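Now for the letters of each chain:
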Amino acid sequence: MKNILLKLFIITAVNLVTNTALGQQSGKKLSDYVNPNIGTAHSRWFFYTPGAMPFGLAKLGPSTNGHLGNEQGWEATGYDDRDTSIEGFACLHEFQVGGIVLAPSVGKLQTIPGSLDNPEEGYRSRFDRKDEYATSGYYSVLLKDYNIKAELTATKRVGFQRYTFPKSSQSNIIFDIGNRQGESGAVKESKVTITEDGRIEGYVITIPEYVKKYQAGADVAMYFSAVLDKKPVSFGAFNKKGIQAGSKEIDGEGAGIYLTFDTKENETITVKIGLSYTSVANARLNLDTEAKKLNFDAAKEQNLAVWNDYLGRITVEGKNENDKIKFYTGLYHALSGRGLGSDVNGAYPMNNGKVGQIPLDAKGQPQFNYYNTDAIWGGFWNLTQLWALAYPEYYADWVQGQLLVYKDAGWLGDGIANSKYVSGVGTNFTGLAIASAYNSGIRNFDIEKGYEAALKNELEWRDRIEGAGKMDVKQFVTLGYSPYLDNMDYKTNIEGSGFSASHTLEYSYSAYAVAQFAKALGKTADYEKLIKLADGWKLLYDKETMFIRPKYANGAFIQNFNPSEPWRGFQEGNAWQYTFYVPHNVSELVATLGKDTFNDRLDTIFTKSQKNVFGGGTKIDAFAGLSGFYNHGNQPNLHISWLFNFSGKPYLTQKWVHAICDEFYGTEGIHGYGYGQDEDQGQLGAWYVMSSIGLFDVKGLTDINPSFQIGSPLFDKVTIKNLGEKRDKKFVIDVQNNSKTNIYLQEVKLNDVSLKQLSIDLAAVKKGGNLKIKVDAKPAAAWSN
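The structure displayed is predicted, hence computed values, not measured ones. (Residues numbered from 1 in each chain as written. Predicted model: local features only at pLDDT ≥ 70, side-chain atom pairs only at ≥ 80, totals over all residues. Heavy atoms only, no water.)

Give a detailed account of the sheet that holds strand 12 (residues 186-194), specifying residues and quantitative values.
Across the sheet, nine strands lie side by side as 7-8-9-10-19-14-13-12-17; this open sheet has antiparallel pairing. The sheet is open, and its two borders are formed by strand 7 (132-135) and strand 17 (249-251), each paired with just one other strand. The sheet shows a mean angle of 15° between the axes of neighbouring strands, taken without regard to direction. In the sheet, strand 12 pairs with strand 17 via three bridges, with the strands oriented antiparallel. Across the sheet, residue Thr-193 finds its bridge partner in strand 17, namely Glu-249. Each of strand 7, strand 8 (138-143), strand 9 (148-154), strand 10 (158-165) and strand 19 (267-276) touches helix 5 (residues 296-311); the most contacted strand, strand 9, lies at about 50° to it. (Pairing = 2+ DSSP bridges. Helix = DSSP H or I, 4+ residues; strand = E, 2+ residues; numbered from the N terminus. Axes fitted to C-alpha atoms, helices over the stretch in contact; angles between N-to-C directions. Contact = heavy atoms within 4.5 Å.)

Rendered as structure tokens:
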């Protein structure tokens, strides 16, 4: 306990220092600006997890409709701001992973959640938003039907649920384990046991939809070990077949345990749930190691202290409170997804279903952690930049975890759930992200193995598996582009793809990134091959229409071409959006279109898209903006507002980035990230963070000496801390004359030296220093040509 208290004191002290500037001004902690309910209408399963630590394994949150699952594996499910009842509190919310649900009640025992339309059908309860509170690391709500206050928090691998009951001889807690939850997929097997020492333990094995698609025959297992601070007066088990009073063990679909208590008025019962993806034994070990002597209040304070430390890596100061709410909520989401998957002893789930072991250091601790992850598709325009800047230790672990899968199964996986391949988009940018990590100075991984994996990902097709994506890479390597197939089921194969044009653009970009990795390592022959492939986009540029246009294997462009049509050659987008997908060679794209045409078209795109909230308008649908000119709610063109920095009109980048931050992003349940748009594990939140502080790289930090383009920050002052090898440097951005109308750069000085170009090396930022910026209401002639 002394060690825990000492750690708490140290974290809290660091947090106080970290947040002094903002705290002195407002009296708030940074976590007070986090509102997890923003954007929860039509949100994904992993989106709403207030009871979690940064990048944690235990991700607790309430469900309003999580038991419904989703048909294709990606649809909105879990928690919706428009719903009025809660069905339970799930401990695991991850991409294609979900389960271990607890729910309290009073009175008649019910073992099914029931429907939103008729809460009395099951154990769910109505609630009011006024009785709900959520921030980073803590959640509470009053369940009106039972007069129970439910609270959630967590350590890295242990969930805490505390219930405050009314006086009742029939207070219930159920463990609903054997049912599908969110993106988990159908249940294959489950078992729950009350042990001799009173623990509740068990597991559930599911078959997520994306696992079925990308690694048929595989499954995902989740294990738990729970302890309660009060003994029940009665208990039993249940599954789909019915209830078994007094039973201590049950298996099968719908398996669960119920406990009944005699409670006094306002009596609390706390449940601590150790979680693991490898075994019940390791779930028990995780619980005993992280939380054996920790009570709920101490866990909550520890969690909030850690969150404020992580949030405090970047502090912002300014006059607009909503901008701070957007900023720290966005940062919260960027730090919530892609969570821990290994145990305290370094055990991790292998691709083949066995348990692997992360190497241990001299003190017997794992040398790094393994993390689950959604696909990195588009993540280089938000997440990896943020990781490289402020969370390099996580980026290093992310790379190490990806290489574990490569070593185990032979291919990089763009998305992985318990090491199973769950790409989701059929491409694979993991090699690009590894190359970016290396070029960003993150090199504490097996570099030769990382390069080997990245190179194979770009060039190899022999025995390539579906889960590794890029099934058409043979044609790309052979022809320089992926041929279009009239394939309306959108499957990719060795001959080409229904998404051939977007694949060609993506593969060209990732080839460029790995080419820089090769060049940095002195692998000249590989570099020459890859840099040639990086020009693949040119083969699909149609001079007649001035768009990227899908092309057949015989070299002919497709007929009846409509640049606004999505899904025909372009994945989740269209030619208006994808023609600008040449982030690695913007200058040549500008020259190809012509500078005037480039600027006029891009400016017109934003002018028209602004009328539609830069996406799908107010329609609550993840794919609402796919036919539009610009769609900020999806990945393919998240970089294009920054392209004016390369075309002689940087003031238009300043204008449109501000407009997107102000208008696309909101502070409400429905208008959060657009209207019900698809926030893939923090990507849109991270985009706001980077763009609002005025640092962004359209190349995704893939150059050998990567740099940020400089924009116009939303805030008066930005401080980036814990920089440099010793993590003792800070970089300060000061903005003079800043307001909602004064958004145009007039003067930019780095350490009192005026900049002739609106860019700054990542290495220069990491050294620490000061960027002084003056802004005004009218564009300046500087930097324009």
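Residues and numbers for the pairing of strand 13 (residues 200-207), please.
The element strand 13 is extensively covered by neighbouring structure, given that seven of its eight residues are classed as buried. Sheet topology note: the strand 12/strand 13 ladder contains eight bridges and is antiparallel. By the bridge assignment for strand 13, Val-187 is matched with Thr-206. Connecting strand 12 to the next strand, strand 13, in antiparallel fashion are five residues, including Gly-198 with a positive phi near 90°. Sheet analysis places strand 13 next to strand 14 (residues 220-228), joined by seven bridges and oriented antiparallel. By the bridge assignment, Glu-201 is partnered in strand 14 with Ser-225. (Buried < 20%, exposed > 50% of the residue type's maximum accessible area, 1.4 Å probe, protein only.)

Describe the pattern of salt bridges, and please don't skip the residues or the numbers.
Side-chain pairing between opposite charges can occur once the charged atoms of the two side chains come close. On inspection of all chains with the given rule, the structure shows 38 salt bridges. The shortest N-O distance in the salt bridge between Arg-82 and Asp-80 comes to 2.8 Å. In this structure, Glu-290 engages Arg-157 in a salt bridge whose closest nitrogen and oxygen atoms are separated by 2.7 Å. Here Glu-290, found in helix 4 (residues 280-291), pairs with Arg-157, found in the loop between strand 9 and strand 10; they are 133 residues apart in sequence, far enough to count as distant. The two residues Glu-290 and Arg-157 agree in class, both being buried. Look at the salt bridges and you will find they share partners, linking Lys-28, Glu-321 and Lys-324 into a network. (Salt bridge = Lys/Arg side-chain N within 4 Å of Asp/Glu carboxyl O.)

Describe unusual backbone geometry, listing the residues and the values that go with them.
Even without being glycine, Ile-100 reaches a positive phi, approximately 60°. In this structure, Ile-100 sits in strand 5 (residues 97-106). Even without being glycine, Arg-338 reaches a positive phi, approximately 55°. Under the relative-accessibility criterion, Arg-338 is labelled buried at 1%.

An account of the environment of Gln-96 is requested, with residue identities and associated values reported.
Relative to the elements of secondary structure, Gln-96 occurs in the loop between strand 4 (88-94) and strand 5. What makes Gln-96 buried here is its relative accessible area of 0%. Each C-alpha atom of the pair Gln-96 and Leu-771 lies 42 Å from the other, and the pair is 675 residues apart in sequence. With residues up to four places along the chain from it excluded, the contact list for Gln-96 reads Gly-73, Glu-183, Ser-184, Pro-208, Glu-209, Tyr-210, Ala-417 and Val-422.

How would you summarise the packing of helix 15 (residues 586-593) against helix 16 (residues 595-610) if you had to cite specific residues and measurements?
Two elements in contact, helix 15 and helix 16, have axes separated by 5 Å at closest approach and are oriented at 100°. In terms of orientation, helix 15 lies roughly perpendicular with respect to helix 16. Seen from helix 15, the contacting residues are Val-586, Leu-589, Val-590 and Leu-593; seen from helix 16, they are Lys-595, Thr-597, Phe-598 and Arg-601. When grouped by side-chain class, the residues that make up the contact of helix 15 with helix 16 number five nonpolar, one polar and two charged. (Parallel < 35°, antiparallel > 145°, perpendicular 65-115°, else oblique. Nonpolar A, V, L, I, M, F, W, Y, C, P; charged D, E, K, R; others polar.)

I'd like to hear about helix 4, residue by residue, with values.
For helix 4, with 12 residues, the first-to-last C-alpha span of 16 Å sits near the 16 Å given by 1.5 Å per residue. In this fold, the buried residues of helix 4 make contact with strand 10, strand 13, strand 14, strand 19 and strand 21 (347-349). (Expected span 1.5 Å × (residues − 1).)

An account of the sheet that holds strand 37 (residues 759-761) is requested, with residue identities and associated values reported.
Sheet architecture is open: three strands sit in the order 31-32-37, paired in antiparallel fashion. Only two strands of the sheet have a single neighbouring strand rather than two, namely strand 31 (695-696) and strand 37. Alignment of strand 31 against strand 32 (residues 707-710), held across two bridges, turns out to be antiparallel. The residue bridging Leu-695 from the neighbouring strand is Ile-710, located in strand 32.

Describe the packing of helix 9 (residues 430-439) against helix 10 (residues 447-459), naming the residues involved and giving the relevant values.
For the pair helix 9 and helix 10, interaxial distance at closest approach is 8 Å and the crossing angle is 145°. Judged by the twist between their axes, the crossing of helix 9 over helix 10 is left-handed. Within the contact between the two elements, helix 9 uses Thr-430, Gly-431, Ile-434 and Tyr-438 and helix 10 uses Ile-447, Gly-450, Ala-454 and Asn-457. In the contact of helix 9 with helix 10, the residues fall into four nonpolar, four polar and no charged. (Left-handed = near helix turned anticlockwise from the far one by under 90°.)

Before we move on, could you go through the packing of aromatic side chains and cite the residues and values that matter?
The description of an aromatic ring pair rests on the distance of the ring centres and on the angle between the ring planes. Under the definition given, this model contains 56 aromatic pairs. Seen from their ring centres, Phe-160 and Phe-296 are 6.4 Å apart, and the 70° between their planes marks the pair as edge-to-face. Of this pair, Phe-160 sits in strand 10 while Phe-296 sits in helix 5, placing them 136 residues apart in sequence. Exposure remark for Phe-160: the relative accessible area of 0% places this residue in the buried category. Take Phe-296: its relative accessible area is 2%, and that puts it in the buried class. Three or more aromatic residues joined by ring pairs make a cluster, and in this case those are Phe-47, Trp-642, Phe-664, Tyr-665, Tyr-673, Trp-687, Tyr-688 and Phe-696. A cation over a ring is seen here: Lys-456 above Trp-411, with NZ or CZ 4.1 Å from the ring centre. (Phe/Tyr/Trp six-rings, centres within 6.5 Å; stacked < 30°, edge-to-face > 60°. Lys NZ or Arg CZ within 6 Å of the ring centre and 35° of its normal.)

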